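Remarks on the overall topology
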Amino acid sequence: MHKMTRNLSLATLLLSSTVFTACSAQDSSAAPNNAVSQPTTKVSAKGPQDSKEIEAFMDPVFAEKMKKYNVNGSNFVVVKDGKVLVNKGYGYADKEKKTLVDKDTVFQIASVSKTFTALAALQLAEKGKIDLKHDITEYLGGMKVPNKTNKPLTMYDMLTYTAGFDYPDKALYVGPEYVNQVIPMKEFMTEHMPTVVRTPGEAYTYDNFAFLLAGYAVETVSGIPFPQYMEKNVFKPLGMNSTSSRFTPELLARMATQYGVDGAPHPAYGQAPTDGPQGSILSTGEDMAKYLIMFQQQGTFDGKEIVSKKTMEQMQTYAVFADKSIPMTTVGGFEGYRNDLMNGHHVVLKGGNMPGHQSLVVLLPEKNTAFYMSYNNDTMMSLEVYEAFMDHYFPDERTPEKNTYVPLSESDAAKYVGSYQNTRFYFLKSNFTYADGNLLMETGTGGKHTLKMVNPLLFEDESGNKLAFKKDHKDQVEYFYYTNPNSLDYGSDARKVHLKPAFTDVPSDSVYKTYIDNLHSFDVISAKSGNLFEPRGTMTQGEFADVAILAHGWATFSDYLDSNKEKIVSSVPGFDRNAPITRQIAAVMIQNLKQAKPATDIKLTGDTDSWAVDAITALVSQGIIDPDTKVKADGSVDFRSKQPLLRQEASALLDLAFGYYSLPIKNK
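Residues numbered from 1 in each chain as written. Predicted model: local features only at pLDDT ≥ 70, side-chain atom pairs only at ≥ 80, totals over all residues. Heavy atoms only, no water.

Moving on, we get to the sheet that holds strand S18 (residues 429–435). Strand pairs in the sheet, formed through backbone hydrogen bonds, run parallel or antiparallel to each other. The eight strands lie next to each other as S17-S18-S19-S20-S21-S22-S23-S24, forming a closed barrel whose pairing is antiparallel. Each neighbouring strand pair of the sheet contributes to a mean axis angle of 30 degrees, computed without reference to strand direction. Bridge analysis of strand S17 (residues 418–422) against strand S24 (residues 494–496) gives three bridges, and the strand direction is antiparallel. Paired with Gln421 across the bridge in S24 is Arg495. (Pairing = 2+ DSSP bridges. Helix = DSSP H or I, 4+ residues; strand = E, 2+ residues; numbered from the N terminus. Axes fitted to C-alpha atoms, helices over the stretch in contact; angles between N-to-C directions.)

The next point concerns empty space enclosed by the protein. Here the structure, examined in full by the defined rule, presents three cavities of 30 Å³ or more. Approximately 80 Å³ is the volume attributed to the second largest cavity. Lining the second largest cavity, in full, are Gln108, Tyr178, Ser245, Arg246, Phe247, Gly270, Gln271, Thr274, Gly279, Ser280, Ile281 and Met354. Counted by class, the lining of the second largest cavity contains four nonpolar, seven polar and one charged residues. (1 Å grid on protein atoms, 1.4 Å probe; cavity = no way out; pocket = protein on both sides within 12 Å on 5 of 7 lines; lining within 4 Å. Points joined across faces, edges and corners; volume = space filled by probe spheres on them. Nonpolar A, V, L, I, M, F, W, Y, C, P; charged D, E, K, R; others polar.)

Let's shift gears to the side chain of Thr582. Its location among the elements puts Thr582 in the loop between helix H15 (558–567) and helix H16 (583–594). Setting aside residues no more than four positions away along its own chain, Thr582 makes contact with Ser641, Lys642, Gln643, Pro644 and Leu645. (Contact = heavy atoms within 4.5 Å.)

The residue Leu654 is located in helix H18 (residues 647–657) in this model. On the basis of relative accessibility, which here comes to 1%, the residue Leu654 falls in the buried class. (Buried < 20%, exposed > 50% of the residue type's maximum accessible area, 1.4 Å probe, protein only.)

A few words now on the packing of helix H3 (residues 113–126) against helix H9 (residues 285–296). Angle between the axes and distance between the axes: these two values describe a pair of packed helices. It is at 13 Å that the axes of H3 and H9 come closest, and there the two elements cross at 50 degrees. Relative to H9, H3 is oriented oblique. The handedness of the crossing between H3 and H9 comes out as left-handed. The residues of H9 that touch H3, namely those facing Thr115, Phe116 and Leu119, are Met288, Tyr291 and Met294. Per-class residue counts for the contact of H3 with H9 are five nonpolar, one polar and no charged. (Parallel < 35°, antiparallel > 145°, perpendicular 65-115°, else oblique. Left-handed = near helix turned anticlockwise from the far one by under 90°.)

Looking now at the packing of aromatic side chains. Following the criterion strictly, the structure yields 30 aromatic pairs and no others. Centroid distance Phe295 to Phe334: 5.7 Å. Interplanar angle 85 degrees. Geometry classified as edge-to-face. With Phe295 in helix H9 and Phe334 in the loop between strand S13 (326–330) and strand S14 (348–354), the pair connects residues that are 39 residues apart, well separated along the chain. Using a relative accessible area of 1% as the deciding quantity, one classes Phe334 as buried. Here Tyr420 and Phe469 contribute two aromatic rings whose centre-to-centre distance is 6.1 Å and whose plane-to-plane angle is 55 degrees, an arrangement assigned as tilted. Taken together, the residues span a long stretch of sequence, with Tyr420 in strand S17 and Phe469 in strand S22 (residues 466–471) at a distance of 49 residues. For the pair Tyr420 and Phe469, a shared accessibility class is recorded, and that class is buried. Counting every residue linked through ring pairs, the aromatic cluster contains Phe57, Phe62, Phe76, Tyr90, Phe371, Phe389, Tyr393 and Phe394. Here Arg583 stacks its cationic end above the ring of Phe639, 4.4 Å away from the centre of that ring. Above the ring of Phe533, the side-chain terminus of Arg647 is found at 4.3 Å from the ring centroid. (Phe/Tyr/Trp six-rings, centres within 6.5 Å; stacked < 30°, edge-to-face > 60°. Lys NZ or Arg CZ within 6 Å of the ring centre and 35° of its normal.)

With 90% of its residues at a pLDDT of at least 70, the protein chain reaches an overall mean of 90. Residue range residues 1–30 is modelled with pLDDT below 50. Its contacts to residues more than four positions away, or to other chains, number 111 contacts. In this model, residues 661–668 is a region of pLDDT below 50 whose contacts with residues beyond four sequence positions or in other chains number 29 contacts. (pLDDT = per-residue confidence, 0-100.)

Now for the sheet that holds S14. Taken together, the six strands give an open sheet; going across it, the order is S3-S2-S1-S16-S15-S14, and neighbouring strands pair in antiparallel fashion. Edge strands, defined here as strands with exactly one partner in the open sheet, are strand S3 (99–100) and S14. Judged from the seven bridges that link them, strand S1 (residues 73–80) and strand S16 (residues 369–375) form a sheet pairing that is antiparallel. The residue of S16 that forms the bridge with Val77 is Tyr372. Running over the sheet, H9 touches S1, strand S2 (83–94), strand S15 (357–364) and S16 and is turned about 25 degrees from S1.

Here you go:
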């Protein structure tokens, strides 16, 4: 199998799923608008109507936002009542060559591809070839999907981001090396198949692998490769002649150059597998306008039915909610993130990101209005353009409601209180406690919020952001979804973490018990045999590396898992997976992942190799130290660096290093 790598920032990881939150970028000189602005005219209450007025309003918006976010080039399409009102470019597709963006400039639309994959699956459902509610394994040609629940995984679950996979981003490998490679879906999935660990349909988790699997089902059921199916049944009928699910020489020649947030160009990124139903489509403003027209013409285009009116409604109707006031996903890949910017209107949208390209589709079905944009860097300019568009054409006309809250008793709060872990980003952990009639939320990243109850299951924080708790199939509170766009938890549900039965060989009065129990409950570390932990047992270097990566929480991204396997052992002389691990080697491994800030007031005594000194002093200065190691008043400490690391000591160091200690498990 091909080695998969990726080098992306946390921001890019988040952006590859849903539009997250506005982030600042470096300024640059204003890019050309490629059009002459007109005086602003009074906007119709019915939304955008006139091409000149739209350009007069949006031209300055793009000029401002492109300068703010250092964007070189963008396209912009507005469709109303099945007619294209605007289809234009702003700035440069290639700044160095002074190539302007126009309606034929190619962009990678990334996760917007998911809506096309959903369309294909729903086409086959209309023909009776796929039952959305049947076990998906019926449509995979013998491929098995590991499932630890008692409910079959269905196409419906996958298209609504509720599949329940443990590693939903195993289909998230991107890099320049994939542009010219051909990696088949079947080969890729055979090696990277995740496991269903949450009851399908129960919790929302942004899921790249689910849409990859959905595309493979389309390929298997139709009997033709996914790219050919899309070309024959979607792109060609829509006249999308510059759209493809894989790179072609002609499209590459017209593709906008990818830029970093610093304005520097970088190579195009491909992905594995080559045909990525979850995010590999390339398109243009000209073609995407036709896609939007199809939605406004109830599934038809140029007299041809692509899908039925019923399917079009299904793709634009929310099917999954965190609360009745918090729409989340449709059966079509569209989502409801940032509903605070919807201004009370029915909006479905889908964003997508590849390194150097960003896209956004916004549909207002009841207004028969839609817009699309792509641009060539990784910033969140699209979010501010969306906000400006909505505020101008579809302002919030609701009468503000005064918040009223319901008293919360300590006994009623018990069902919410406890620790939770994000179902996509395992490193995100939150803890809820009760005080003075409210819930108090503390996140592992340092956030603290006071939550007042609006009604059972629904709360609001001090800024008015909603947090909805959700029940599982046993009618127990098991998840929450937070609408705060500034929270890293935004974008997926978080699941309650339940305390597991205690190990029989860990005394109740052990100073290590809490650390061991915490990591056990988060599935980071497990029994050595039976129900025995062997707290004073030792570990190999390989065992500790594997557990440390799990504790770090990035194992949800298999490409990051691969890179962390290399990162964690860097600067460890003579790493040997089968050799016993010492305390100094463990400290270096943790620091390689943690990157704790060092302090100069720590003085190591005893015998420590020079290559481990900085790591140990950094960890100790941050309080990452096991209970049996004491720092004296003068800042000196004997870390016992060359002694074997005990399993109980490993639990304490990892617990303290990666934030579990501040979120003690209280659930049963």
